[in-house]
Amino acid sequence: MKIVHSPQAMAAWSLRLRREGVLVGFVPTMGALHEGHRALIRAARLRCDALVVSIFVNPTQFGPSEDLAQYPRPLANDRRLCREEGVDLCFEPSVAAMYPQGYQTMVTVPAIARRWEGDVRPHHFSGVATVVTKLFGMVRPDIALFGQKDYQQAAVVRRLVDDLNLGVGIIVRPTVREKDGLAMSSRNVYISPEQRIIAT
Ligand code: PAF
């Protein structure tokens, strides 16, 4: 598995393959990969020739009092899971490469982002829309896969791809759950036993 940090090297790899007629699939993640990610990666593997997974904890989608610093970053495990699932390239850009000094542009999808999670995280979906747009520009995928667990995120992504004519096929896959019914998530490690009962 190839590991790439530079956005320019990422785009060059992908464009070369696409010119040869290779279908490039993409699963964007923030790492801390679990069985839900594994299912997405497997579904992607079946649908493309070359598969890219990105691992980037995106600061613009975290609020000031949220868990950006504590967000789990088990990179060695994540790379191992990607290798096990036959990922061709793991894209791991730095924050400085994604948001260099002077960076300004944000993508907003206001109506879809307004309610539900957007009510309590007012800048979250703008951060998601921005990073997904940027990642698509770097990875240049034919198709990209997202989990239905993040239903509102998937709706934001579908809308921005249509609105900005990005030409990426969006596939949304069913939620993968723990035995007790809780949707798998990298943040489940934060939940206390009492909260877990409520969450399920
Ligand atoms: O769902 C996620 O892990 C993130 O929101 C995404 C799509 C990778 C953007 O940072």
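Before going into details, it helps to say that this report is about the structure given with it. (Residues numbered from 1 in each chain as written. Predicted model: local features only at pLDDT ≥ 70, side-chain atom pairs only at ≥ 80, totals over all residues. Heavy atoms only, no water.)

**A closer look at the nonpolar core**
For step 1, the next point in the chain: Residues M10, V52, F91, F136 and I170 are the most contacted members of the largest nonpolar core, which totals 33 residues.
For step 2, the next point in the chain: Secondary structure elements with two or more residues in this core: helix 1 (7–19), strand 2 (24–29), strand 3 (50–55), strand 4 (89–91), helix 7 (124–139), strand 5 (143–147) and helix 8 (151–163).
For step 3, the next point in the chain: Of the residues forming this core, the biggest block, nine residues, is contributed by helix 7.
For step 4, the next point in the chain: Those residues in contact with F91 that lie beyond four places of it in its chain are V4, H5, S6, P7, M10, V52, V53, S54, I55, L135, M138 and V139.
For step 5, the next point in the chain: By size, the runner-up hydrophobic cluster in this structure holds 16 residues, among which are V53, I55, I143 and L145. (Core = buried A, V, L, I, M, F, W, Y, C linked by side-chain atoms within 4.5 Å. Buried < 20%, exposed > 50% of the residue type's maximum accessible area, 1.4 Å probe, protein only. Helix = DSSP H or I, 4+ residues; strand = E, 2+ residues; numbered from the N terminus. Contact = heavy atoms within 4.5 Å.)

**Thoughts on the pairing of strand 3**
For step 1, the next point in the chain: Counting buried positions along strand 3 yields six of six residues, so the element is predominantly enclosed.
For step 2, the next point in the chain: By the alternation rule, side chains of strand 3 split into A50, V52 and S54 and L51, V53 and I55, which are all buried.
For step 3, the next point in the chain: In terms of strand pairing, strand 2 meets strand 3 through six bridges, oriented parallel. Looking at the pairing, P28 lines up with S54 of strand 3.
For step 4, the next point in the chain: Regarding topology, helix 2 (residues 35–47) serves as the crossover connection from strand 2 to the parallel strand 3, and that connection is right-handed.
For step 5, the next point in the chain: Sheet topology note: the strand 3/strand 4 ladder contains three bridges and is parallel. Bridge pairing in strand 4 links V52 to L89.
For step 6, the next point in the chain: Taking the sense of rotation as the criterion, the β-α-β connection linking strand 3, helix 3 (residues 75–84) and strand 4 turns out right-handed. (Pairing = 2+ DSSP bridges. Right-handed = clockwise from strand over helix to strand, strands pointing away.)

**A word on the packing of aromatic side chains**
For step 1, the next point in the chain: Scanning the model with the defined rule gives five aromatic pairs in all.
For step 2, the next point in the chain: Consider the rings of F56 and Y99, whose centres lie 6.4 Å apart with planes at 40°: the pair is tilted. With F56 in the loop between strand 3 and helix 3 and Y99 in the loop between helix 4 (95–98) and helix 5 (110–113), this residue pair connects regions lying 43 residues apart in the sequence. Accessibility assignment for this pair places F56 and Y99 in one class, buried.
For step 3, the next point in the chain: Centre to centre, the rings of F62 and Y71 are 5.8 Å apart; their planes meet at 85°, and the pair counts as edge-to-face. Taken as a pair, F62 and Y71 share a single burial class, namely buried.
For step 4, the next point in the chain: Through pairs of rings, three or more aromatic residues link up here, namely F56, Y99 and Y103.
For step 5, the next point in the chain: A cation over a ring is seen here: R115 above W116, with NZ or CZ 4.1 Å from the ring centre.
For step 6, the next point in the chain: Positioned over the ring face of Y99 is K134, at 5.7 Å from the centre of the ring. (Phe/Tyr/Trp six-rings, centres within 6.5 Å; stacked < 30°, edge-to-face > 60°. Lys NZ or Arg CZ within 6 Å of the ring centre and 35° of its normal.)

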